[in-house]
Amino acid sequence: MRIRIDLSYDGTAFSGWAAQPGRRTVEGTLAEALTTILRSAEPVRLVVAGRTDAGVHTRGQVAHADVEEEVWDAVRGRSARPAEEAAASRLRGILPPDIGIRSVTRAPDGFDARFSALRRRYLYRLCDDAGRMDPLRRHDTVLVRGPLDVERMDRAAGSLLGLHDFAAFCRRREGATTVRTLLDYRWERGADGVIAGTVVADAFCHSMVRALVGAVVPVGEGRLDVGVPAAVLAGGARDPRVRVMPAHGLSLEEVVYPADADLASRADMARSRRELPAEQLEGAPDAH
């Protein structure tokens, strides 16, 4: 059977999600805790919706693990409560305080934490006034020098929406596509003066969100024209004018899934290699 785990974590003291020898990671810590409560002879393996980098936080992370039915039932011990409730309670009891378990549930047929997702929503927090920087939020907010023009940043962000090859904003991985659909990208200043960037896509490639933020911050500073981020996107290559912003300002806020009946078909679709439509390929820089 497959279980779904909804969790959150403060990424400050973690070397990212993915397990690494000799490093404190979220995957390693959670897998060890699961292995303990299930009394499993083999380490529990996890699949996650988004493999966050070192320092990145989450409020809406989702993972799944496959376990044997009898092992799962045994997690209740002598309690009459459901195994899901018992597992969540026991995990909270042994996990460190920088990981929170929101819920543990039996996953429906066809569910895959990574491939069944329709979209992921990230939040990036910036402060451009040192006098208003809240020291209690120093681990999730990036302080920048000088005032930012949020309206210009928002206009530049909007020019990147849609289905594109985001190679200019990703670290390439052998054999992996960089074609993604950017569904929402906007900036607004809150009542507390903090500038919040919302970024939503069907999926993200490595460092994409922080590079997208790094593309529009210079626009807000007045150092780049509003049209530069779109020109960088069209160029299809990393550009020195785009810097990857610090990890600690970023948080995975939400992962959205389809109705249960559509989980398996969504996963099959997501596993297929994404390509640009022919009409977009004709205008790509390396099309000829």
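Here is what the cut-offs are and how they apply
Residues numbered from 1 in each chain as written. Predicted model: local features only at pLDDT ≥ 70, side-chain atom pairs only at ≥ 80, totals over all residues. Heavy atoms only, no water. Disulfide = S-S within 2.5 Å. Helix = DSSP H or I, 4+ residues; strand = E, 2+ residues; numbered from the N terminus. Buried < 20%, exposed > 50% of the residue type's maximum accessible area, 1.4 Å probe, protein only. Arc of directions from axis to C-beta. Contact = heavy atoms within 4.5 Å. Polar contact = N/O pair within 3.5 Å; in protein donor to acceptor, adjacent residues only side chain to side chain. Phe/Tyr/Trp six-rings, centres within 6.5 Å; stacked < 30°, edge-to-face > 60°. Core = buried A, V, L, I, M, F, W, Y, C linked by side-chain atoms within 4.5 Å.

Engineer: Quick one: what's the story with the state of the cysteines, residue by residue and with numbers?
Structural biologist: Going through the model one piece at a time under the given rule, you end up with one disulfide. Each sulfur in the disulfide pair Cys 170 and Cys 205 lies 1.8 Å from the other. One end of the pair, Cys 170, is in the loop between β7 (162–165) and β8 (179–189); the other, Cys 205, is in the loop between β9 (195–201) and α5 (208–221), with 35 residues separating them in the sequence. Note on accessibility: Cys 170 and Cys 205 belong to one class, buried.

Engineer: Mind laying out helix α4 (residues 150–158), listing which residues take part and the relevant values?
Structural biologist: Among the residues making up α4, those that are buried are Val 150, Met 153, Ala 156 and Ala 157. Take α4 and look down its axis: the buried residues cluster within an arc of 125°, on one side only. Those residues of α4 that are buried are in contact with β5 (119–127), β8, β9, α5 and α6 (228–235). Between the side-chain oxygen at the start of α4 and the backbone nitrogen of Glu 151 there is a gap of 3.1 Å, and the oxygen is on Asp 149.

Engineer: Any details on unusual backbone geometry? Residues and values, ideally.
Structural biologist: Both trends apply: most residues other than glycine have a negative phi, and most peptide bonds are in trans. One non-glycine residue, Arg 39, lies in positive phi territory at about 50°. Along the polypeptide, Arg 39 turns up in the loop between α1 (26–38) and β2 (47–48). Judged by relative accessible area, Arg 39 falls into the exposed class, the value being 74%. A positive phi angle is found at Ser 207, which is not glycine, with a value near 70°. In this structure, Ser 207 sits in the loop between β9 and α5. Judged by relative accessible area, Ser 207 falls into the buried class, the value being 6%.

Engineer: I'd like a rundown of the packing of aromatic side chains, residues and numbers included.
Structural biologist: Inspection of every chain in the model, using the stated rule, returns five aromatic pairs. The interplanar angle of 70° and the centroid separation of 6.4 Å between the aromatic rings of Tyr 9 and Phe 14 together place this pair among those described as edge-to-face. Take Tyr 9 and Phe 14: they sit in the same class, and that class is buried. Centroid distance Phe 166 to Phe 169: 6.4 Å. Interplanar angle 50°. Geometry classified as tilted. Given a relative accessible area of 0%, Phe 169 falls into the buried group.

Engineer: Any chance you could break down the nonpolar core for me, citing the residues and the numbers?
Structural biologist: Looking at soluble globular proteins, one finds that nonpolar side chains tend to be buried together. By size, the foremost hydrophobic cluster in this structure holds 52 residues, and its most contacted members are Leu 126, Phe 169, Tyr 185, Trp 187, Leu 212 and Tyr 257. Secondary-structure elements contributing two or more residues to this core are β5, α4, β8, β9, α5, α6 and β10 (250–256). Among the elements that take part in this core, α5 stands out by supplying nine residues, more than any other. Judged by nonpolar contacts, the second largest core, of 30 residues, contains Ile 3, Ile 5, Ala 83 and Leu 95.

Engineer: Hey, could you go over the environment of His 64 for me, with residue numbers and the actual values?
Structural biologist: Within the secondary structure, His 64 is located in strand β3 (residues 57–66). Taking the C-alpha atoms as reference points, His 64 and Ile 3, 61 residues apart in sequence, are found 5.5 Å from one another. In this structure, His 64 is in contact with Arg 2, Ile 3, Arg 45, Leu 46, Val 47, Phe 111, Asp 112 and Ala 113, ignoring residues within four places of it in sequence. Of the polar contacts made by the side chain of His 64, one reaches the backbone nitrogen of Ala 113; its length is 3.0 Å.

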